[in-house]
Amino acid sequence: MLGNHHRLRRYQVVHVNYVWYAPLLRHFGPDVLKVLDSHDVFADRAQVYRQAGLQPAWFSTSLQQEDEAFGWADAVLAIQRDEARAMAARGHGHVLFLPYLEPLTAGFTPRRQGGPLVLGYLGSGNDWNIRSLRAFLDAWQVRPDRPPVQLLVVLAPSLMPLIEPNAPAKPGAAPPVIAKAGGAAPEAAKPALQACGG
């Protein structure tokens, strides 16, 4: 089927997301530039989960399988500098570090006096995102030198039911307020949103 599409459309570049779709690249010859957007390193990912005390989830390959998949591409995109270096250290000379940055459509406005410090966290509800955001919120709660402001955390909807800070707030400090990106604000978040003009 891919061959038929190629014959009809004469693709010059084929861009594939994630290593598990890399076999699609084998359907195209040297006349097509083949790009694999890795998103993350998936080699031995199950082992990384276990070392972190988590149950392996989602997708994992062996180093050999991932190296083979990278070999089918003319260019492999990495979104983390450390992962790009690790891929290059494995002998892949066609890895490009391309961090994902949203275009700046409007300048940042200064925080209103007395307004909350707003943290936007948009990402999927995978174990690593949940773990890192919880660790941040827990550290924020107990840090003695943190700014004396309300923290408003605006989350992707997939993370909303999964995130609650575990650590108690330091004495006299308000706990973070959690709000959903693009949705109706919960009652607890409304004063903080009003203070920052939201």
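Model, not experiment: these values are computed from the prediction.

Participant: I tried to follow the overall build of the protein on my own but got confused; where do I start?
Facilitator: When you go through the protein residue by residue, the secondary structure sums to six helices and seven strands. The secondary structure elements of the protein, listed N-terminal to C-terminal, are α-β-β-α-α-β-α-β-β-α-β-β-α. Within the span of the protein, comprising 198 residues, buried residues form 32% of the whole. Here the contacts in the protein between residues at least 6 apart in sequence split such that 57% fall between residues at least 24 apart. Here the protein has roughly 12400 Å² of accessible surface; of this, 57% comes from carbon and sulfur atoms.

Participant: It is not clear to me how the sheet that holds strand β4 (residues 95-97) should be interpreted in this structure. Could you clarify?
Facilitator: With parallel pairing, four strands are arranged side by side in an open sheet as β1-β2-β3-β4. Taken across any chain shown, the strands that pair with only one partner, and hence form the sheet edges, are β1 (13-17) and β4. Within the sheet, the average angular offset between the axes of one strand and its neighbour, ignoring direction, is 25°. Of the strand pairs in this sheet, strand β3 (residues 75-78) and β4 are connected by three bridges, and their pairing is parallel. Opposite L77, over in β4, you have L96 as the bridge partner. Its contacts with the sheet put helix α4 (residues 81-89) on β3 and β4, and the angle it makes with β4 is roughly 165°.

Participant: Explanation requested: the packing of aromatic side chains in the structure shown.
Facilitator: Pairs of aromatic rings are described using the distance from one ring centre to the other and the angle between the two planes. According to the stated counting rule, one finds seven aromatic pairs in the structure shown. Where W20 meets F42, the ring centres are 5.3 Å apart and the plane angle is 75°; that geometry is what we call edge-to-face. Highlighted residues: W20 in the loop between β1 and β2 (33-37) and F42 in the loop between β2 and α2 (45-51), separated in sequence by 22 residues. Using a relative accessible area of 25% as the deciding quantity, one classes W20 as partly exposed. Judged by its relative accessible area of 0%, F42 falls in the buried class. Here the basic side chain of R26 rests over the ring of W72, its NZ or CZ set 4.5 Å away from the ring centre.

Participant: Even after reading the chapter, I still don't get helix α5 (residues 127-142), so can you show me in this structure?
Facilitator: Between its terminal C-alpha atoms α5 stretches 23 Å, which fits the 22 Å expected from 16 residues at 1.5 Å a residue. Within α5, the full set of buried residues consists of N129, I130, L133, L137, D138, W140 and Q141. The buried residues of α5 all sit within an arc of 160° when viewed along its axis, so they share a single face.

Participant: Help me understand the pattern of salt bridges, please; the structure alone is not making it clear to me.
Facilitator: Where charged atoms from two side chains of opposite charge come close, those side chains can pair. Here the structure, examined in full by the defined rule, presents four salt bridges. Residues R90 and D67 are paired through a salt bridge, measuring 2.7 Å at the closest nitrogen-oxygen approach. One end of the pair, R90, is in the loop between α4 and β4; the other, D67, is in helix α3 (residues 63-71), with 23 residues separating them in the sequence. For R90, a relative accessible area of 25% translates into the label partly exposed.

Participant: Would you mind going over the pairing of β1 with me for this structure?
Facilitator: Along any regular strand, the residues point their side chains to alternate faces of the sheet. Side chains V14 and V16 of β1 all project onto a buried face; the interleaved residues V13, H15 and N17 project onto a face where none is buried. In the sheet, β1 pairs with β2 via five bridges, with the strands oriented parallel. Across the sheet, N17 pairs through a bridge with D37, a residue of β2.

Participant: Sorry, what's going on with α4 here?
Facilitator: An α-helix turns once every 3.6 residues. As a result, residues three or four positions apart point the same way. Among the residues of α4, E83, A84 and M87 are the ones counted as buried. What you see down the axis of α4 is that its buried residues fit within an arc of 105°, all on one side. With respect to the buried face of α4, the exposed residues turned more than 90 degrees away are D82, R85 and A89. Where the residues of α4 are buried, they touch α3, β3 and β4. G91, located one to two residues past α4, shows a positive phi value of around 100°.

Participant: What should I look at first to understand the side chain of S38 in this one?
Facilitator: Looking at the secondary structure, you find S38 in the loop between β2 and α2. A polar side-chain atom of S38 sits 2.6 Å from the main-chain carbonyl oxygen of L77. Every residue in contact with S38, bar those within four places of it in the chain, is listed here: Y18, F70, V76, L77, A78 and M87.

The rules we used
- Residues numbered from 1 in each chain as written.
- Predicted model: local features only at pLDDT ≥ 70, side-chain atom pairs only at ≥ 80, totals over all residues.
- Heavy atoms only, no water.
- Helix = DSSP H or I, 4+ residues; strand = E, 2+ residues; numbered from the N terminus.
- Buried < 20%, exposed > 50% of the residue type's maximum accessible area, 1.4 Å probe, protein only.
- Contact = heavy atoms within 4.5 Å.
- Areas by Shrake-Rupley, 256 points an atom, 1.4 Å probe, with all protein chains shown as cover.
- Pairing = 2+ DSSP bridges.
- Axes fitted to C-alpha atoms, helices over the stretch in contact; angles between N-to-C directions.
- Phe/Tyr/Trp six-rings, centres within 6.5 Å; stacked < 30°, edge-to-face > 60°.
- Lys NZ or Arg CZ within 6 Å of the ring centre and 35° of its normal.
- Expected span 1.5 Å × (residues − 1).
- Arc of directions from axis to C-beta.
- Salt bridge = Lys/Arg side-chain N within 4 Å of Asp/Glu carboxyl O.
- Polar contact = N/O pair within 3.5 Å; in protein donor to acceptor, adjacent residues only side chain to side chain.

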